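One letter stands for each residue in the lines below.
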Amino acid sequence: MRIVFCSSEVVPFTKTGGLADVAGSLPQALEKLGHELIIITPYYKTAKFSEVKKYSLNEVAVSKIGKNIKVYLLGNEKCFGRDGIYGDKNGDYSDNLQRFSFYCYELLKLLKRLESPVDVIHCHDWHTALIPVILKNEYQKDPFFRNIKSVFTIHNLAYQGVFPKEQYVHLGLDPELFHIDGFEFYDQINVMKAGLIFADRVTTVSPQYAMEIQHREFGCGLDGVLRNRPEGVAGILNGLDYDLWNPQTDPLVEFPYSAKDWSNKAKNKASLQKAVGLPQRPDVPLFGFVGRLCHQKGLDILIESLDELMEHNIQLVFVGSGGERYHRLLEACAQKYPEKIGLFLKFGEEMARRTYAGSDFFMMPSVYEPCGLGQMISLCYGTIPIVHRTGGLADTITAYDPFRSTGNGFVFFQYTKEGFVFCFEQAVRAYNDKAQFKALIERAFACRFTWDKSALEYEKIYKE
Ligand code: ADP
């Protein structure tokens, strides 16, 4: 089949989160199944890529990933010639509707210019949600587009692309589509909602999240729209690209190690402690956090629990950036406990990887988590996740049971401070039982969430 991938971020060009990882690896897994793929993504000023060729007259650059997957990067100074991807320190850019509507239209124009037939357009998150709407409405009369089917994947239902209705003119679509079965959402434009209605198939990134978002509590106002889809919402667990995430070959891991011999992990721990200004103590369990600093990632419960956690002989490292408020709160905590809390409050690939490698535990107490890659990455770096049982975390992490010698992490069921602290203390106890902890690390290393199985599930959806 000929499949077009559309995503606002793709590894290795641009990344702010897991969406980019998926958009860079899933096409390669599908290519291995014999499909023809191309990827089309915005050409941001900050995009990284080595092989650039100008395509035709417009600002389109071409690169390649996998065996033969062409990546087209759509440029436009006005839309993408700025430092941020979605916004800056003042929040989201106010012209995001224009920026991503430009991207969707240009993408479809490019496909037509390329003149090669397309079977399926696979759209990811709200930035691409206009595509199914355009295909099913404006472009139905065009023989090139008429038979193209669309799949829409929700990577995070909380980000829907909601804008004031006055901006509707920027969509270039029939005003009739602004109604309850289209864009209208509490008298505003909701781009993802329209995409969910007009896409031929809707999927999301884990089976558990697929169930959760069809209930009011996690549906972000769109649970009814999702429940109304006749063929439902398919939950397909994201995979991990084990070529990119491997402590033996990761160039950013100072002291390489593997599942067979992880003695070097202790050296990475010492180096991480030094890098964030913590005492180099091999005997103290080190708990890492890597992620966006926001409510979703469980920062509130973490910060609330800190005083209680600090009664233990432990160290914590936080790597990430996000809400100003969380930066300030974490900085205050680190000042209060300088021997126990280390910070690197930036988005940085090097410190992220050093934290996966150098920590003993990985904290991911997310309020909700569509799939989550952090817990999968930490497992393959032999670092034990502590998670809230939600979304993809529930699908990938099973609770440690010292009596049966099972489980690959620590799991709390209710999103409460008490639940988290209880779970955290279990982890501290487990760390002090050397034989059990070694067996737990071995089980973590043995976990594999490859793309092979998930790619077959996507293939089935495309065939439908
Ligand atoms: P998200 O909700 O942000 O997409 P995921 O767990 O699905 O969360 O994916 C996060 C991805 O972003 C992982 O590859 C993780 O390593 C990376 N990441 C998160 N925070 C940082 C950071 N501060 N620096 C570098 N990479 C980060």
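Residues numbered from 1 in each chain as written. Predicted model: local features only at pLDDT ≥ 70, side-chain atom pairs only at ≥ 80, totals over all residues. Heavy atoms only, no water.

Colleague: Honestly, the overall build of the protein chain in this entry has me stumped. Any pointers?
Modeller: Scanning the protein chain for helices and strands turns up 17 helices and 20 strands. Computed over the C-alpha atoms, the radius of gyration of the protein chain is 23 Å, within 12% of the 23 Å expected from 2.2 N^0.38 for a compact globule of 464 residues. Considering only C-alpha atoms, the protein chain reaches an extent of 70 × 45 × 40 Å along its principal axes. Burial analysis of the protein chain (464 residues in total) assigns 59% to the buried set. (Helix = DSSP H or I, 4+ residues; strand = E, 2+ residues; numbered from the N terminus. Rg over C-alpha atoms; globule rule 2.2 N^0.38 Å. Buried < 20%, exposed > 50% of the residue type's maximum accessible area, 1.4 Å probe, protein only.)

Colleague: Is there a simple way to explain empty space enclosed by the protein in this structure?
Modeller: Over the atoms rolls a probe the size of a water molecule, and in doing so it shows where empty space is left. This model, assessed by the stated rule, comprises 2 cavities of 30 Å³ or more. Taken as a whole, the largest cavity encloses approximately 50 Å³ of empty space. Together, Asp21, Ser25, Gly239, Leu240, Asp241, Leu244, Trp245 and Trp451 line the largest cavity. Looking at the lining of the largest cavity residue by residue, the classes come out as 4 nonpolar, 2 polar and 2 charged. Empty space within the second largest cavity amounts to approximately 30 Å³. Every residue lining the second largest cavity is listed: Leu97, Phe100, Ser101, Cys104, Trp126, His127, Leu130 and Val191. The leading source of residues in the lining of the second largest cavity is helix H3 (residues 96-114), at 4 residues. Here the residues of the lining of the second largest cavity are counted per class, giving 6 nonpolar, 2 polar and no charged. (1 Å grid on protein atoms, 1.4 Å probe; cavity = no way out; pocket = protein on both sides within 12 Å on 5 of 7 lines; lining within 4 Å. Points joined across faces, edges and corners; volume = space filled by probe spheres on them. Nonpolar A, V, L, I, M, F, W, Y, C, P; charged D, E, K, R; others polar.)

Colleague: Is there a simple way to think about the domain arrangement of the protein chain in this case?
Modeller: For an interface, size is often stated in terms of accessible area lost upon the parts coming together. Looking at the assigned domains, one finds that the protein chain contains domain 1 (2-239 + 451-463) and domain 2 (265-446). A straight line from the C-alpha centre of domain 1 to that of domain 2 covers 32 Å. Counting from both sides, the interface comprises 18 residues of domain 1 and, opposite them, 18 residues of domain 2. Counting the surface lost from both domain 1 and domain 2, the interface buries some 1,300 Å², and carbon and sulfur atoms represent 60% of this. Per-residue buried area on domain 1 facing domain 2 is highest for Lys15, Gln208 and Leu237; these three make up 28% of the total on that side. Across the contact surface, domain 1 and domain 2 share 8 residue pairs in polar contact (both at pLDDT 80 or more). Counting residues per element, the ones that place at least two in the side of domain 1 that touches domain 2 are helix H1 (18-32) and helix H7 (207-212). Per-element tally for the side of domain 1 that touches domain 2: the top contributor is H7, with 4 residues. Residue composition of the side of domain 1 that touches domain 2, grouped by class: 7 nonpolar, 8 polar and 3 charged. (Domains from an automatic or database assignment. Contact = heavy atoms within 4.5 Å. Buried area = accessible area lost by both parts, 1.4 Å probe. Polar contact = N/O pair within 3.5 Å; in protein donor to acceptor, adjacent residues only side chain to side chain.)

Colleague: Hey, could you run me through the packing of aromatic side chains in this one?
Modeller: Think of a pair of aromatic rings as described by two things: how far the centres are apart, and how the planes are tilted against each other in angle. As enumerated under the stated definition, the model contains 27 aromatic pairs in all. Seen in terms of ring centroids, phenylalanine 185 and tyrosine 186 are 4.9 Å apart; in terms of plane orientation they differ by 80°. Their pairing is edge-to-face. With a relative accessible area of 13%, phenylalanine 185 lands in the buried category. You can call tyrosine 186 exposed: its relative accessible area is 68%. Between phenylalanine 289 and phenylalanine 318, the aromatic rings sit 5.8 Å apart at their centres with planes inclined by 40°, giving tilted as the arrangement. Placement of the pair is phenylalanine 289 in strand E15 (residues 286-290) and phenylalanine 318 in strand E16 (residues 315-319), with a sequence separation of 29 residues. Its relative accessible area of 2% is what places phenylalanine 289 among the buried residues. Feature note: the residues Phe287, Phe361, Tyr400, Phe410, Phe412, Phe420, Phe424, Tyr431 and Phe437 constitute an aromatic cluster, connected by ring pairs. The residue whose ring lies beneath arginine 325 is tyrosine 326, and the NZ or CZ to ring-centre distance is 4.9 Å. (Phe/Tyr/Trp six-rings, centres within 6.5 Å; stacked < 30°, edge-to-face > 60°. Lys NZ or Arg CZ within 6 Å of the ring centre and 35° of its normal.)

Colleague: Help me out: how do you make sense of helix H17 (residues 451-463) in this one?
Modeller: The terminal C-alpha atoms of H17 lie 18 Å apart, and with 13 residues this matches the ideal 18 Å at 1.5 Å per residue to within 8%. All of the buried residues along H17 are Trp451, Ser454, Ala455, Tyr458, Glu459, Ile461 and Tyr462. Relative to the axis of H17, the buried residues are bounded by an arc of 160° and lie together on one face. Across from the buried face of H17, at angles greater than 90 degrees, the exposed residues are Asp452, Lys453, Lys460 and Lys463. Of the surrounding secondary structure, the elements contacted by the buried residues of H17 are strand E1 (2-6), H1, strand E8 (120-124), strand E9 (149-154), strand E13 (201-204) and strand E14 (233-235). (Expected span 1.5 Å × (residues − 1). Arc of directions from axis to C-beta.)

Colleague: Just to check I follow, could you spell out the packing of helix H10 (residues 299-309) against helix H15 (residues 417-432) for this structure?
Modeller: Packed helices, taken two at a time, are described by the angle their axes make and the gap between the axes. In the contact formed by H10 and H15, the axes pass within 10 Å of each other and the chain directions differ by 55°. Between H10 and H15, the interaxial angle falls into the category oblique. The handedness of the crossing between H10 and H15 is right-handed. Of the residues in H15, those touching H10 at Ile301, Leu302, Glu304, Ser305, Glu308 and Leu309 are Lys417, Phe420, Val421 and Phe424. (Axes fitted to C-alpha atoms, helices over the stretch in contact; angles between N-to-C directions. Parallel < 35°, antiparallel > 145°, perpendicular 65-115°, else oblique. Left-handed = near helix turned anticlockwise from the far one by under 90°.)

Colleague: Honestly, the sheet that holds strand E18 (residues 361-364) in this entry has me stumped. Any pointers?
Modeller: Hydrogen bonds along the backbone pair up the strands of a sheet, which may run parallel or antiparallel. Sheet architecture is open: 6 strands sit in the order E17-E16-E15-E18-E19-E20, paired in parallel fashion. Of all strands in the sheet, those with a lone pairing partner are strand E17 (341-344) and strand E20 (410-412), marking the two edges. When the angles between neighbouring strand axes are averaged without regard to direction, this sheet yields 20°. Bridge count between E15 and E18: 2 bridges; the pairing is parallel. The residue of E18 that forms the bridge with glycine 288 is phenylalanine 362. Contacting E15, E16, E17 and E18, helix H12 (residues 349-358) runs over the sheet at an angle of about 150° to E15. (Pairing = 2+ DSSP bridges.)

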